[in-house]
Amino acid sequence: MRSGRISALAAIFTIGVLPVALPAAGLAQATAPSRAQLDNAAHVLRVVMTAMQSNEVEQPVKNALFDCVYSNSIGKISEATEKVIAANPGKVDRKDASQMLAVIAGTCGYRPPAGAAPAKKPAPSR
């Protein structure tokens, strides 16, 4: 009689887990991101998190970033950022956080108010 209960519990457990296990198996078969994609997404996330914590970044930019991260995956944001960078070769230095922030904020829908002065470029060092 005890083995009957154990079999019934095992069957119930299997049925309860089965709907969760099938989609997870389907996700495992999906194409995994490349190392470069993971690195780019991690860089985008670092820039966004740093901007959110910075006192130098204006609130409208932070709001756009927050809305974007809430509504989209970092993978999608990173992919959109990469498309902008690829479409503008040589114009964006990935190591410059302010340039990356401008691209990320732009892909997230932020547009500076009309009449806003463009950021000044630093004077070249001698």
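Please read all numbers here as calculations on a predicted model, not as lab measurements. (Residues numbered from 1 in each chain as written. Predicted model: local features only at pLDDT ≥ 70, side-chain atom pairs only at ≥ 80, totals over all residues. Heavy atoms only, no water.)

Moving on: the packing of helix α2 (residues 35–53) against helix α4 (residues 74–87). Between α2 and α4, whose axes approach to 9 Å, the crossing angle comes to 95°. The pairing of α2 with α4 is recorded here as roughly perpendicular in orientation. Along its contact with α2, which presents Q37, N40, A41, V44 and L45, the element α4 presents I74, I77, S78 and E82. Class assignment of the residues belonging to the contact of α2 with α4 gives a composition of five nonpolar, three polar and one charged. (Axes fitted to C-alpha atoms, helices over the stretch in contact; angles between N-to-C directions. Helix = DSSP H or I, 4+ residues; strand = E, 2+ residues; numbered from the N terminus. Parallel < 35°, antiparallel > 145°, perpendicular 65-115°, else oblique. Contact = heavy atoms within 4.5 Å. Nonpolar A, V, L, I, M, F, W, Y, C, P; charged D, E, K, R; others polar.)

When pLDDT is averaged along the protein, the result is 77, and 67% of the positions lie at 70 or above. A low-confidence stretch, residues 8–25 (pLDDT under 50), is modelled with zero contacts involving residues beyond four sequence positions or located in other chains. (pLDDT = per-residue confidence, 0-100.)

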